[in-house]
Amino acid sequence: MRERTLLLVKPDAVSRRVVGKIISAIEESGFEIEDMKMLRWTREEAEGFYHVHRGKPFFEGLVKFMTSGPIVALLLERENAIKTLRKLVGPTDPIEAPPCSIRALYGTNVRKNAVHASDSPESAKFEIEFIFGKGRHLVEN
Ligand code: IDP
Ligand code: MG
């Protein structure tokens, strides 16, 4: 099934100037870029986006990190987009990531792991609408 998902290039990857390499890897994996923008979050925006993690030990560090510089958001579409992107991105900790995954190639540590990718249809809907607006998670035809 054709579906949409969200990728964020995090502040560590933007400051390391690997945005282009990450976008190339995504295009080469068959994703269409439906929309894209650079933004800089306030604390409230970062807390809202990551609301499911509120109360966890890493939450404060995550919010500080995600507001430390600009990020790039991509609205992506392909068959089985959510699972395919999570596989291409790799696990949260780059140390555990397979060599060709985006986090292994461009991540630094478990917090500064280069990218975010939606992990389910429910979170893809919430996250896409959070950044690109109402209804943008729906595939157009
Ligand atoms: P995910 O990004 O692989 O889905 P989540 O568990 O949803 O991982 O965590 C969200 C983000 O919070 C991670 O991508 C990472 O930036 C940060 N994070 C997760 N676990 C830790 C941790 O143990 N220490 C520091 N930061 C963490
Ligand atoms: Mg997650």
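Draft legend 1. The side chain of S101, seen in detail. Residue placement: S101 occurs in the loop between α5 (81-89) and α6 (102-106). The buried category is assigned to S101, whose relative accessible area is 4%. Contact partners of S101, with chain neighbours within four places excluded, come to L88, V89 and G90.

Draft legend 2. Looking closely at the packing of aromatic side chains. Summed over the entire model, instances satisfying the criterion amount to 6 aromatic pairs. Taken together, a centroid distance of 4.9 Å and an interplanar angle of 40 degrees make the contact between W41 and F49 tilted. As far as burial versus exposure is concerned, W41 and F49 are alike and both buried. Between W41 and F130, the aromatic rings sit 6.3 Å apart at their centres with planes inclined by 85 degrees, giving edge-to-face as the arrangement.

Draft legend 3. How the structure looks around the environment of R103. With respect to the helices and strands, R103 occurs in helix α6. Along the backbone, R103 and V89 are 14 residues apart, and their C-alpha atoms lie at a distance of 5.7 Å. Within the structure, R103 has its side chain in polar contact with the backbone oxygen of G90 (distance 3.2 Å).

Draft legend 4. Fine view of the site of ligand 1. If you check the shell around ligand 1, you find K10, H53, F58, L62, R86, T92, R103, V110, R111 and N113 and nothing else. Separating an oxygen atom of ligand 1 from a side-chain N or O atom of K10 is a distance of 2.9 Å. Here an oxygen atom of ligand 1 sits 2.9 Å away from a polar atom, N or O, in the side chain of H53. Protein contact buries 79% of the 530 Å² of open area that ligand 1 shows by itself. Of the residues assigned to the shell around ligand 1, the class counts are 3 nonpolar, 3 polar and 4 charged.

Basis of the calculations
Residue numbering note: each chain is counted from 1, following its sequence as written. Labels are handed out in written order, letters beginning with A for the chains and numbers beginning with 1 for the ligands. It should be noted that, the model being predicted, local features are given only for residues of pLDDT at least 70 and side-chain atom pairs only at 80 or more, the latter also being counted only at that level, while totals for whole chains, interfaces and linings use all residues. As a rule here, side-chain values come from all non-hydrogen atoms in the structure, and water together with hydrogens is ignored. Secondary structure elements are taken from DSSP: a helix is a run of H or I of four residues or more, a strand is a run of E of two residues or more, and numbering for both begins at the N terminus. Any residue under 20% of the maximum accessible area for its type is buried, any over 50% is exposed, and the rest in between are partly exposed; the area is computed with a 1.4 Å probe on protein chains only. Here, residues are in contact when the closest pair of their heavy atoms is within 4.5 Å. Classification of ring pairs uses Phe, Tyr and Trp, with its six-membered ring standing for Trp, and accepts pairs whose centres are within 6.5 Å; under 30 degrees between planes counts as stacked, over 60 as edge-to-face, and the remaining range as tilted. Two N or O atoms form a polar contact when they lie within 3.5 Å of each other; inside protein one atom must be a possible hydrogen donor and the other a possible acceptor, and for residues adjacent in sequence the pair counts only when both atoms belong to side chains. Residues are classed as near a molecule or strand on a simple rule: at least one heavy atom within 4 Å of it. All accessible-area figures derive from a Shrake-Rupley calculation using a 1.4 Å probe, and residue coverage is judged against the displayed protein chains alone. Throughout, the ten residues Ala, Val, Leu, Ile, Met, Phe, Trp, Tyr, Cys and Pro are labelled nonpolar, Asp, Glu, Lys and Arg are labelled charged, and all others, Gly among them, are labelled polar.

Limitation: the analysis is restricted to geometry and does not speak to function.
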